[in-house]
Every structure is written in structure tokens, then in C-alpha cells.
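Listed below, chain by chain, are the residues.
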Amino acid sequence: MTVWQGRVPLGVQIDGKGPAVMFFDGPWGLTWGPFLEALARVFTVYAVEHPGTTAGEPETVQRVDSLWDLVLCYDELLDGLGLQEVALVGHSFGAMMACEVAAQRPSRVRRLALLDPIGLWRDDAPVTNWMLLGPQELPEHVFRNVEGPAARAMFDVPDDPEAGALARTRLTWAMGSTGKFIWPIPNKGLKKRIHRIQGLPTLLVWGEGDRLVPRVYAEEFSRRLAHTRTEIVKDAGHAPHLEQPEATARVVEAFFKG
């Protein structure tokens, strides 16, 4: 769907039947896997591809100048899809965007699920800048088990030289496209706007072994949101929905049904 005066095409993968749920993925590009498949059994899932991460549309991110522009692009997307009542779920950077989109128009969002979210900042517990990690370090910061299927699906490079170069380029470009709205530090003023959704029922999900975003941020989000519940997913790092998709889907599904 094209938004922003016809300048920004946004890819949206849609499946399922039931109440609407929109998913905002993290900084490494959309992965449609068991987690979203599980949610699609009971909800209509709309999974958004961030600008610049859609195959064949890498230049789209250059038409979105700021975080505020990106928030309004997603607001227009929701309008275009006719979603006037929706639950939002996001991972990492996508969780930050879910908060920002909800704060832009709280009346449209019925529930919010945040998986290892960024968007707040503490000097004594900095979020690790994954853009500065080397190719050997990055997987062990994102995943608890770097040899597991989720880590291999995201970070394994094909043996074929051309395919390998393309895989590395896509991952790097996805990080750059999302990093435009995150770094040098992921503190873009959410703390000034989060009061607009303080009454929204919110689920916080944290991978037990998250090495990128310290768990103290669960306390920071809970302190600012009045109706929160925190679930810790065992044997998972920063991406619990990829490493432990069934367990993560169960808690999100139960919360959205509540």
C-alpha cells in the first residue's frame, strides 16, 4: 500500500481471520514464521515491512525523513487498511514504533504487546548499539542459541558467493534503514509522549537472556504505563518470538483475548 502522498510504498503481509493485529518487526527485516502463523490462527495479522526492507524497494527509506514522518506513514497505512480498532505488537525497534503509533492515535488501539522494546534510555543501563557489533558478535547478542534455527535463518550466509553477498547486503541495508530512526541512541522522545497511552492495557515480553536491551527497561515501561504485565521467556535472547515462537505466541494470544 502506498502512503505519504503516493511516495512511500509499504509492504504488508496479511493472513488469518479474526480481530485485527498489526505487527511491527525489529531492525533486521520482517520474518514471517511460526510466531505470526500461530497468531494468524485466531487473528487477522497485518505484518508491516519497514521502509527500505521490502524486496525490490530499498530506496523507499530515503523518502521518509524523520521518525515523526514514519509514525504518520504507519498512521496512514492503518487508515488505508480500514483498521479503526486494532491490537499492536512490536519487537525491538518495532515495539518502539508500536508505542509511537499508539500515542499518535490512542483511540484506535485496544491492546499493546511489546517484545524487548527500545525507545527509553538510562545512562546506567545503555542499550547496546548493534550497528557497531561485528558479524561474529551480532548473532550472540540477538539470540540465546546462535546454532539454533532462528539464528541460522537470520544470519547464515549461503556458500554461493553471489547469494552470500546478496544476503549480507540485505541484512546490512535493513539495519541501516531502521537505524536511521534509532541511533546514535534510541531515545527519540517517547518518554514525552508515552503518557498518551498510559491507560492502554500493555504486555511486556522479555527474552530471559537479552544481551541488547537490559531487563531494567521493563521496569521503565511499567513505571510509565499504568496497566502492564511482564512475561519472561526462557531460553531466548533479544528475539523471543523467533527463538521460542510457541511460548511467545501463547502469552500474546492470551493477552489479546483478555
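Let us look at the structure shown here. No experiment lies behind these values; they were computed from the predicted model shown. (Residues numbered from 1 in each chain as written. Predicted model: local features only at pLDDT ≥ 70, side-chain atom pairs only at ≥ 80, totals over all residues. Heavy atoms only, no water.)

1. Details of the pattern of salt bridges
Argument step 1. The tally for this structure, following the rule as stated, stands at 15 salt bridges.
Argument step 2. Residues E231 and R229 are paired through a salt bridge, measuring 3.2 Å at the closest nitrogen-oxygen approach.
Argument step 3. Among the ionic pairs, E253 bridges to K257, the shortest N-O distance being 2.8 Å. With a gap of 4 residues between them, E253 and K257 both fall in helix α10 (residues 245-257), about one helical turn apart.
Argument step 4. Three or more residues are tied together by salt bridges with common partners; here these are R122, D124, E220, R223 and R224. (Salt bridge = Lys/Arg side-chain N within 4 Å of Asp/Glu carboxyl O. Helix = DSSP H or I, 4+ residues; strand = E, 2+ residues; numbered from the N terminus.)

2. Some points on the layout of surface pockets
Argument step 1. Of the volumes computed, that of the largest pocket is approximately 1200 Å³.
Argument step 2. As for the largest pocket, its lining consists of 47 residues, of which W28, A153, M154, A167 and L171 are closest to the centre.
Argument step 3. For the lining of the largest pocket, the secondary structure elements donating two or more residues are α1 (34-40), α4 (138-142), α5 (149-155), α6 (161-179) and α9 (240-243).
Argument step 4. The biggest single contributor to the lining of the largest pocket is α6, with 10 residues. (1 Å grid on protein atoms, 1.4 Å probe; cavity = no way out; pocket = protein on both sides within 12 Å on 5 of 7 lines; lining within 4 Å. Points joined across faces, edges and corners; volume = space filled by probe spheres on them.)

3. Some words on the pairing of strand β7 (residues 109-115)
For a regular strand, the rule is simple: side chains alternate between the two faces of the sheet.
Argument step 1. Among the 7 residues of β7, 6 are classified as buried, and the element is accordingly described as predominantly covered.
Argument step 2. Relative to β7, strand β6 (residues 86-91) runs parallel, the two sharing 6 bridges. In the sheet register, V89 faces β7, and the bridge partner there is A113.
Argument step 3. Each parallel crossover has a hand, and the one from β6 via helix α3 (residues 93-104) to β7 is right-handed.
Argument step 4. Pairing of β7 with strand β8 (residues 202-207), which is carried by 4 bridges, proceeds in the parallel orientation. Directly across from A113, in β8, lies its bridge partner L203. (Buried < 20%, exposed > 50% of the residue type's maximum accessible area, 1.4 Å probe, protein only. Pairing = 2+ DSSP bridges. Right-handed = clockwise from strand over helix to strand, strands pointing away.)

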